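Residue-level listing of the chains:
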Amino acid sequence: MGGPDDAAGESGESFLSERSAKVFVAGHRGLVGSAIVRKLQQLGFANLVLRTHAELDLTRQSDVEEFFAAEKPRFVILAAAKVGGIHANNTYPADFISINLQIQTNVIDSAHRHGVKKLLFLGSSCIYPKFAPQPILEDALLTGPLEPTNEWYAVAKIAGIKMCQAYRIQYGWDAISGMPTNLYGPNDNFHPENSHVLPALMRRFHEAKVRGAKEVVVWGTGSPLREFLHVDDLADAVVFLMEKYSGSGHVNVGSGKEVTIKELAELVKDVVGFEGQLVWDSSKPDGTPRKLMDSSKLASLGWMPKISLKEGLCDTYKWYLENVKQ
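Residues numbered from 1 in each chain as written. Predicted model: local features only at pLDDT ≥ 70, side-chain atom pairs only at ≥ 80, totals over all residues. Heavy atoms only, no water.

Visitor: Looking at this model, I keep getting lost on the sheet that holds strand E5 (residues 174-180). Mind explaining?
Guide: Note: strands within a sheet are paired through backbone hydrogen bonds, in either parallel or antiparallel orientation. A sheet is described by the order of its strands in space; here six strands give the open sequence E2-E1-E3-E4-E5-E9, paired in parallel fashion. Pairing within the sheet leaves two strands with one partner each, and these edge strands are strand E2 (48-49) and strand E9 (251-253). Taken strand by strand, helix H1 (residues 31-42) contacts strand E1 (23-26), E2, strand E3 (75-78) and strand E4 (118-122), and its axis lies near 155° from that of E1. The sheet strands contacting helix H7 (residues 231-244) are E3, E4, E5 and E9, and the helix crosses E4 at an angle near 145°. (Pairing = 2+ DSSP bridges. Helix = DSSP H or I, 4+ residues; strand = E, 2+ residues; numbered from the N terminus. Contact = heavy atoms within 4.5 Å. Axes fitted to C-alpha atoms, helices over the stretch in contact; angles between N-to-C directions.)

Visitor: Could you clarify how one ought to interpret the state of the cysteines in this entry?
Guide: One covalent bond between the sulfur atoms of two cysteine residues makes up a disulfide. This structure, assessed with the given rule, holds zero disulfides. Cys-164 supplies the cysteine sulfur nearest to Cys-126, a cysteine that is in no disulfide, at a spacing of 16 Å. (Disulfide = S-S within 2.5 Å.)

Visitor: Quick question: what am I supposed to make of the UniProt feature "domain: NAD-dependent epimerase/dehydratase" (unreviewed entry) in the chain here?
Guide: Feature annotation in UniProt places "domain: NAD-dependent epimerase/dehydratase" (unreviewed entry) on residues 23-254, given in this structure's numbering. Within residues 23-254, the helical portion is 43% and the strand portion 17%, while the C-alpha atoms at the span's ends are 24 Å from each other. (UniProt positions renumbered as here; feature names shortened; annotations may be inferred.)

Visitor: How should helix H8 (residues 261-272) be read in this particular structure?
Guide: Helical periodicity: at 3.6 residues per turn, an α-helix aligns residues three or four positions apart in one direction. The terminal C-alpha atoms of H8, which comprises twelve residues, lie 16 Å apart, in line with the 16 Å expected from a rise of 1.5 Å per residue. Looking at the packing, one finds that the buried side of H8 touches helix H6 (197-211), strand E8 (225-230), strand E10 (258-260), strand E11 (277-281) and helix H10 (309-323). In the segment just after H8, Gly-273 is the residue with positive phi, at about 85°. (Expected span 1.5 Å × (residues − 1).)

Visitor: Would you explain unusual backbone geometry in this entry?
Guide: Excluding glycine, most residues fall at negative phi; most peptide bonds, likewise, are trans. Cis geometry is found at the peptide bond from Gln-134 to Pro-135, where omega equals -15°. Even without being glycine, Leu-142 reaches a positive phi, approximately 65°. Relative to the assigned elements, Leu-142 resides in the loop between E4 and helix H5 (151-171). Overall, the relative accessible area of 55% leaves Leu-142 in the exposed class. Positive phi values are uncommon outside glycine, yet Asn-187 reaches one of about 75°. Tracing the chain through its elements places Asn-187 in the loop between strand E6 (182-184) and H6. (Buried < 20%, exposed > 50% of the residue type's maximum accessible area, 1.4 Å probe, protein only.)

Next comes the structure, spelled out in structure tokens:
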């Protein structure tokens, strides 16, 4: 759980004092990367280095090497990853482990060798054992078996954490890791089949409202507890960690607040303005009863989330109406 090296080092200028420095945000078009870009632009970072997948394939070692040799960014935020739900993880396990390992290894190694001052690697709460004690502390990593439905992705992300730690130990290089909880917000995936629970509910309630449907059926009992963090809060935490944190241990980034799926569904229904009935199909599985991360390490460093779930849902629905084809 950290130690004397938890606070950012004294050497050189801080992240926020170098707003003209080159910052490479890998994965800038995704939910997380796009929020980080918005935040950095708001703060006046004027030298962001961004590449689409078509412009730079991070799985190709020689291409990544050439990019770092040419651009020489000062800071790197690694938000690029192959992600997906249970179905995708079960169907394409080779993709989830190989692509994520390739991206991480190429970016972390090239960043170190080409003089990047600081790198932040972003993972996921799925790195923790399936039956980790709740709320989940950072110390729970590697203390038990993973959730089988996403272990390929989880193993890759754990390797990323360990790679950052290894480069810190061997080279004294400032590579840190942050592990976000369930995220939502603008640029989320609202696909009808393979989106996560919050955007899936939002789409279903919206479509039911448009059709004038009398009810929406939701799987399970609504009793499982889940934690959600607006992606703009995560982006704020990313900047905070780049500025304030320089420890070897990864840091949980969560809201610290739990909501039942039933409460979530009622909130989304209210935000969308669907006036029909909400029906629970208790013959369908509920999934894990509780999944909450302990983010007290980050709180002790001085960061707290600012966006309430209701406020975040309103913001996300506004983005959905403006950007998702109806």
